[in-house]
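Each chain, letter by letter, is given below.
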Amino acid sequence: MAADEPQPAKKIKLHHQPLRENVLFGMGNPLLDICAVVDKDFLDKYGLKTNDQILADEKHKELFEELVKKFRVEYHAGGSTQNSVKVAQWMIQQPHKVATFFGCIGKDKFGEILKRKAEEAHVDAHYFEQNDQPTGTCAACITGDNRSATPFKKRGLRSLVANLAAANCYKKEGHLDQKENWQFVEKARVYYIAGFFITVSPESILKVATHVSESNKILGLNLSAPFISQFFKEDLMKVIPYVDILFGNETEAATFAREQGFETEDIKEIAKKAQGLPKVNEKRRRIIVFTQGKDDTIVATADNVTAFPVLDIKQDEIVDTNGAGDAFVGGFLSQLVRDQPLEECIRAGHYAANVIIRRSGCTFPEVPDFH
Ligand code: AP5
């Protein structure tokens, strides 16, 4: 396959293998997203950039309260990994509880919402619940309307501020290590962890990663946001050798490349170099998957680098791209757990992302129309 040649996904009829419960394992920060269209003054007041994802600090203390008071807000169950496993479960449909999710929440109203939403999505969530911190939230500050006459500006639409709170209290000893929880890790064949979780419990990731590698299973990781490659480099690079499939978008890829001294800005070159980084389980060759919004998704395997076109959509049909990357991963995983070829995983990723960007937040209709 030539590196530059677009390879549309093959239209093959899927012969779905019967799946069992808990085959897909996800672990991450369960957050309740508080979404609102805000003005520039609001962004300036809290020092936010339009195209950014950050963790809340002291100066964002009042942001959440002001957001709710001043603007019309919508609440959506969020958190990157949780979004992806929900989308995967939605694509899979039956049986329920193919996807397991671990993360930490507070014993409060928001925690109850997350539990209810996970149940409605038929995800087998086993939250670590604690009293010290409230359930985490993520302010999605949107500055634009895709349905307006203004042309859709890629990545100019939202600024995410995550207040991890309870999500930051996930403890390996308190949850993952417990026999009743670890059995779910052992039951899985495919694992997915968004890079965001590296800021919380790298030791939990390494424990799961070691299990995956020793049992020749599959671990997917997402670069998640530029700050992970920049400020959590050491922990990230401890996990990378265990990663079988590395996901990210083009901004995250570029930051990763800069931080690793790859000396290239070419996304295909970056993918190739990331593919070749050292790996613990050499029986599985690493795969790199970089999405680029409306542009081709770049996939590097040990043999080649390929560009896959995304599904067409009129840009004014996009409601918001919140969760587009998470949905892509969810679609991808839904076929990976069925042992489908890489092309099918990517086709499913593009399909799921295409559905989600037509809706508000990372939400989906009752059943997928993916064949
Ligand atoms: P958000 O960053 O909005 O979600 P995301 O999934 O990362 O979505 P992006 O819009 O950033 O997409 P992307 O750049 O990854 O993918 P791409 O544009 O290439 O955040 C969502 C969640 O993050 C929230 O729920 C929040 O809770 C959580 N979060 C924030 N901080 C967190 C933290 N610290 N810990 C845990 N969770 C945290 O697009 C992917 C695909 O979509 C493309 O391949 C394509 O198929 C399709 N697509 C996208 N744009 C277009 C387009 N214009 N035209 C056609 N197709 C498109």
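Before reading further, recall that the structure is shown in the block above.
Residues numbered from 1 in each chain as written. Predicted model: local features only at pLDDT ≥ 70, side-chain atom pairs only at ≥ 80, totals over all residues. Heavy atoms only, no water.

Participant: Can you break down the pattern of salt bridges residue by residue, with the values?
Facilitator: Inspection of every chain in the model, using the stated rule, returns 23 salt bridges. Salt-bridge contacts for E58 lead to K61; the nearest nitrogen and oxygen are separated by 3.8 Å. As far as the burial class goes, E58 and K61 line up, both exposed. In this structure, E65 and K69 form a salt bridge, with 3.5 Å as the shortest nitrogen-oxygen distance. You can see E65 and its partner K69 sitting in helix α2 (residues 63-70), four residues apart, about one turn around the helix. Comparing E65 with K69, the two get one shared label, exposed. What emerges from the salt-bridge pattern is a single network uniting K45, E66 and K70. (Salt bridge = Lys/Arg side-chain N within 4 Å of Asp/Glu carboxyl O. Buried < 20%, exposed > 50% of the residue type's maximum accessible area, 1.4 Å probe, protein only. Helix = DSSP H or I, 4+ residues; strand = E, 2+ residues; numbered from the N terminus.)

Participant: Account for the site of the ligand, with residues named and values stated.
Facilitator: Residues in close proximity to the ligand total 36 residues, the closest being D33, Q53, N249, G293 and D326. Contacts to the ligand include T291, whose side-chain N or O atom sits 2.8 Å from an oxygen atom. Residue G323 places a main-chain N or O atom 3.0 Å away from an oxygen atom belonging to the ligand. For the ligand, whose free accessible area comes to 1,000 Å², the fraction covered by protein is 96%. (Near = heavy atom within 4 Å. Polar contact = N/O pair within 3.5 Å; in protein donor to acceptor, adjacent residues only side chain to side chain. Areas by Shrake-Rupley, 256 points an atom, 1.4 Å probe, with all protein chains shown as cover.)

Participant: Before we move on, can you summarise the nonpolar core with the specific residues and values?
Facilitator: Soluble, globular proteins show a tendency: their nonpolar side chains are buried together. In this structure, M27, Y170, V208, F290 and F332 are the most contacted members of the largest nonpolar core, which totals 96 residues. With sequence-adjacent residues up to four places away left out, M27 is seen in contact with T81, F101, F102, Y170, L176, Y192, I193, A194, F197, S204, I205 and V208. (Core = buried A, V, L, I, M, F, W, Y, C linked by side-chain atoms within 4.5 Å. Contact = heavy atoms within 4.5 Å.)

Participant: I'd love a proper account of the environment of A302, names of residues and values included.
Facilitator: One can find A302 in the loop between β13 (295-300) and β14 (305-308). The partly exposed category is assigned to A302, whose relative accessible area is 33%. With 217 residues separating them along the chain, A302 and V85 place their C-alpha atoms 27 Å apart. Once you skip the residues sitting within four places of it in the chain, A302 turns out to touch Q275, R285 and R286.

Participant: How would you explain the sheet that holds strand β1 (residues 24-27) if you had to name every residue and give the values?
Facilitator: The strand order across the open sheet formed by nine strands is β6-β5-β1-β9-β10-β11-β12-β13-β14, and the pairing between neighbours is mixed. The sheet is open, and its two edges are formed by β6 (124-130) and β14, each paired on a single side. For this sheet, the mean angle separating the axes of adjacent strands, direction not counted, is 20°. Sheet topology note: the strand β10 (residues 218-222)/strand β11 (residues 245-249) ladder contains three bridges and is parallel. Looking at the pairing, L221 lines up with L246 of β11. (Pairing = 2+ DSSP bridges. Axes fitted to C-alpha atoms, helices over the stretch in contact; angles between N-to-C directions.)

Participant: Tell me about the side chain of R347, and name the residues and values.
Facilitator: Residue placement: R347 occurs in helix α13 (residues 342-356). A distance of 2.7 Å separates a polar atom in the side chain of R347 from the backbone oxygen of H371.

Participant: Give me the lowdown on helix α11 (residues 267-275), citing residues and values where you can.
Facilitator: Within α11 the residues assigned to the buried category are I267, K268, I270, A271, A274 and Q275. Buried residues of α11 fall within an arc of 160° about the axis and therefore sit on the same side. Elements that come into contact with the buried residues of α11 comprise α10 (250-260), β12 (287-292), β13 and β14. N-cap assignment for α11: the residue whose side-chain oxygen lies 2.9 Å from the backbone N of K268 is D266. (Arc of directions from axis to C-beta.)

Participant: Report on the sheet that holds strand β2 (residues 31-37), specifying residues and quantitative values.
Facilitator: Ordered in space as β3-β8-β7-β2-β4, the five strands form an open sheet in which the pairing is mixed. In the strand order of this sheet, the two ends are held by β3 (52-55) and β4 (74-78), each with one partner. Along the sheet, successive strands turn relative to each other by an average axial angle of 20°, direction set aside. Two strands pair when backbone bridges link them, and β3 and strand β8 (residues 158-163) are joined in this way by four bridges, in the parallel orientation. Bridge pairing in β8 links L55 to A162. Across the sheet, α2 touches β2, β4, β7 (136-142) and β8, and the angle it forms with β7 is around 55°.

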